[in-house]
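Summary of the model geometry
Each chain, letter by letter, is given below.
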Amino acid sequence: MKKRLTRFDLQNMKESGKKVVWITSYDYWTAQFAEQAGMDMILVGDSLGMCIYGYEGTIPVTMDQCIYHSEAVRRGAPNTFIIGDMPFLSYQVNVDEAVRNAGRFFKEARVDAIKLEGGRRVCPQIKAIADGGMLVMGHIGLTPQSSGQLGGFKAQGRTAKTAMELIEDAKAIQQAGAFTLLVEAVPPEVCKIIRDQLTIPVYSIGAGVDADGQLMIVSDLLGIFQAFTPKFVKRYANLGEETLKALIAYVEDVRSGRFPDPVHTYNMAEGELPQLMAALKK
Ligand code: KIV
């Protein structure tokens, strides 16, 4: 049976140069496949707002939605390290709300860690959650919850000045007590500097190969999410196209009477049909 990793395993993997592989998952069956595939970690991302609920972004996502989906993922992947994603306004208002909401993920969905977005300005929350005995992952670079302030879903840290800001954020997040850091949509050189300067594991989504591991959004990887495809996404399947083909075939089969055919129907027990017909005639 697969063994669920601990923070110490993740730290050892950084030190021995073994890459951590992880994806997002929002439901039971994807989580089952992720565990079977040998995924090191799963993020129940607030990207579920777009991938599951069809919102334009992550802002409308609620704590309850994140908890429901995290519970389902835990049931599908009991032996995988699972990270719950703190949705917009679950930690920004104050430190007390941040600790209480982080705690819900652990109590109700049995996650192993939580993640929240932001640099130095969320360090008080990171410290308070870590002081509460919980594992916290930081997330810098393109932080979708503040995409309005960033001017859209754009790569970050592309100038020396903004790269320095990210490096300072990363150091502060480690100092505040985060056990890992995710860097999103940042040039690989900047992610490498951050990885080299921090002692905690630094993971990438769209931040190049020189990180301690890679995250992908499952709906992008499988070719399900159709609205847009970021530059850093590599599609490993086209389930969107396969799904559409299958549904069209089903529609055509039913309308033309090809389905259900005898192979997909039940036979009456031996000798029962004549008896039924006789009974109906009485
Ligand atoms: O919600 C999510 O899936 C994320 C990734 C974009 C990093 O936070």
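The notes below deal with the structure included here. (Residues numbered from 1 in each chain as written. Predicted model: local features only at pLDDT ≥ 70, side-chain atom pairs only at ≥ 80, totals over all residues. Heavy atoms only, no water.)

With that settled, consider the overall build of the protein chain. Assigned secondary structure in the protein chain consists of 12 helices and eight strands. Projecting the C-alpha coordinates of the protein chain onto the three principal axes gives extents of approximately 90 × 40 × 35 Å. Across the 282 residues of the protein chain, 48% fall into the buried class. Relative to all contacts within the protein chain whose residues are 6 or more apart in sequence, the contacts with residues 24 or more apart total 58%. A total of about 15000 Å² of accessible surface is found on the protein chain, and carbon and sulfur atoms cover 58% of it. (Helix = DSSP H or I, 4+ residues; strand = E, 2+ residues; numbered from the N terminus. Buried < 20%, exposed > 50% of the residue type's maximum accessible area, 1.4 Å probe, protein only. Contact = heavy atoms within 4.5 Å. Areas by Shrake-Rupley, 256 points an atom, 1.4 Å probe, with all protein chains shown as cover.)

Here the focus is the side chain of Asp220. Position of Asp220 relative to the elements: it lies in helix H10 (residues 218-221). Buried within the structure, Asp220 lacks any salt-bridge partner; its nearest side chain of opposite charge belongs to Arg235, at an N-O separation of 6.3 Å. For Asp220, the contacting residues outside a window of four places in its chain are Phe225, Phe228, Pro230, Val233 and Arg235. (Lys, Arg positive; Asp, Glu negative; His and termini not counted. Salt bridge = Lys/Arg side-chain N within 4 Å of Asp/Glu carboxyl O.)

Our focus in this paragraph is the packing of aromatic side chains. Applying the stated rule across the entire model yields seven aromatic pairs. Geometrically, the ring pair formed by Tyr53 and Tyr55 is stacked, given 5.7 Å between the ring centres and 15° between the ring planes. Owing to a relative accessible area of 34%, Tyr53 belongs among the partly exposed residues under this scheme. Clustering of aromatic rings is evident, with ring pairs tying together Phe153, Phe225 and Phe228. (Phe/Tyr/Trp six-rings, centres within 6.5 Å; stacked < 30°, edge-to-face > 60°.)

Of the volumes computed, that of the largest pocket is approximately 670 Å³. Listing elements by their share of the lining of the largest pocket, those giving two or more residues are helix H3 (48-51), strand S4 (113-117) and strand S6 (180-184). Of the residues assigned to the lining of the largest pocket, the class counts are 18 nonpolar, six polar and eight charged. Considered as a void within the structure, the second largest pocket measures approximately 290 Å³ in volume. Elements with a contribution of two residues or more to the lining of the second largest pocket: strand S5 (136-141) and helix H8 (160-176). When residues of the lining of the second largest pocket are assigned to their parent elements, the largest contribution, four residues, is made by H8. A per-class count over the lining of the second largest pocket returns three nonpolar, eight polar and four charged. (1 Å grid on protein atoms, 1.4 Å probe; cavity = no way out; pocket = protein on both sides within 12 Å on 5 of 7 lines; lining within 4 Å. Points joined across faces, edges and corners; volume = space filled by probe spheres on them. Nonpolar A, V, L, I, M, F, W, Y, C, P; charged D, E, K, R; others polar.)

On their own, these measurements won't tell you what the molecule is for.
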